[in-house]
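# Chain and residue survey
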Amino acid sequence: EAAVTQSPRNKVAVTGGKVTLSCNQTNNHNNMYWYRQDTGHGLRLIHYSYGAGSTEKGDIPDGYKASRPSQENFSLILELATPSQTSVYFCASGEDTQYFGPGTRLLVL
Amino acid sequence: AQSVDQPDAHVTLSEGASLELRCSYSYSAAPYLFWYVQYPGQSLQFLLKYITGDTVVKGTKGFEAEFRKSNSSFNLKKSPAHWSDSAKYFCALEGRGNEKITFGAGTKLTIKP
């Protein structure tokens, strides 16, 4: 079974600060994804990647950057965090079926 | 553009009833379609998928879904429902060739014992 881990699991940040969310997968999937989950919106795709070195914009990329330095790791970066980015963030990997990480709860004050 | 609609935000049923959660999609070609489940406080888990072939697909936990091209639907079904099926269910679409995934807003299912 695919193993996707995320760190940190919980994060409190200040407005204007930099936040980095990390994701690691051990099943050698080419594709990795970052989503945020908010009440009433389901999951919305922020960025995704086809493999090391590639990043693609999803449906809501504004205010977020992504980095895929290796097959295993995919990071989501908030350069200047804002309270509207308070959410639960999920990382996933998989070629068609998605395997999700446990999620990161981010609170931006 | 691709989109997924789950028209029912909440569904409540009694244990033993048959459940059907609705999902419709919009996509210009034949899509890949998925259902995922999220139990309270947990992440999402894969239930089933339609890629091609048989229009009725069976998944984990006794669920099945029927792909209907005629009305662009992919409804999730189970009979009988059990109280442990209470969770939030998400329908998702992957565009063929672009690897991009679009989720519906989800349906919160409550099964009363």
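Scroll up to find the structure this text is about.
Residues numbered from 1 in each chain as written. Chains lettered and ligands numbered in written order. Predicted model: local features only at pLDDT ≥ 70, side-chain atom pairs only at ≥ 80, totals over all residues. Heavy atoms only, no water.

Here the focus is the packing of aromatic side chains. Taken as a whole and judged by the stated rule, the model has 16 aromatic pairs over all chains. Ring centres 5.9 Å apart and planes at 10° place the aromatic pair A:Tyr33 and A:Tyr48 in the stacked group. With A:Tyr33 in strand E4 (residues 32-38) and A:Tyr48 in strand E5 (residues 42-49), this residue pair connects regions lying 15 residues apart in the sequence. Like A:Tyr48, A:Tyr33 is buried. Note on A:Phe100 and B:Tyr36: the rings are 5.6 Å apart at their centroids and 85° apart in plane angle, and the pair reads as edge-to-face. (Phe/Tyr/Trp six-rings, centres within 6.5 Å; stacked < 30°, edge-to-face > 60°. Helix = DSSP H or I, 4+ residues; strand = E, 2+ residues; numbered from the N terminus. Buried < 20%, exposed > 50% of the residue type's maximum accessible area, 1.4 Å probe, protein only.)

The subject of this paragraph is the state of the cysteines. All names here are of chain B. On inspection of all chains with the given rule, the structure shows two disulfides over all chains. Here Cys23 is linked by a disulfide to Cys91, with a sulfur-sulfur distance of 2.0 Å. Where Cys23 bonds to Cys91 through sulfur, the torsion about that S-S bond is close to -65°, and the disulfide is left-handed. Residue Cys23 is found in the loop between strand E3 (19-21) and strand E4 (24-26), and its partner Cys91 is found in strand E10 (residues 87-94); the two are separated by 68 residues along the sequence. For the pair formed by Cys23 and Cys91, the shared burial category is buried. (Disulfide = S-S within 2.5 Å.)

We now examine the sheet that holds strand E1 (residues 4-7) of chain A. All names here are of chain A. Taking strand neighbours across the sheet as the criterion, the four strands line up as E1-E3-E8-E7 in an open arrangement whose pairing is antiparallel. A strand with exactly one partner marks an edge of an open sheet, and here the two such strands are E1 and strand E7 (65-67). Each strand axis lies, on average, 20° off the axis of its neighbour in the sheet, ignoring direction. Taken together, the three bridges between E7 and strand E8 (residues 73-78) define a ladder with antiparallel strand orientation. Across the sheet, Ser67 pairs through a bridge with Ser75, a residue of E8. (Pairing = 2+ DSSP bridges. Axes fitted to C-alpha atoms, helices over the stretch in contact; angles between N-to-C directions.)

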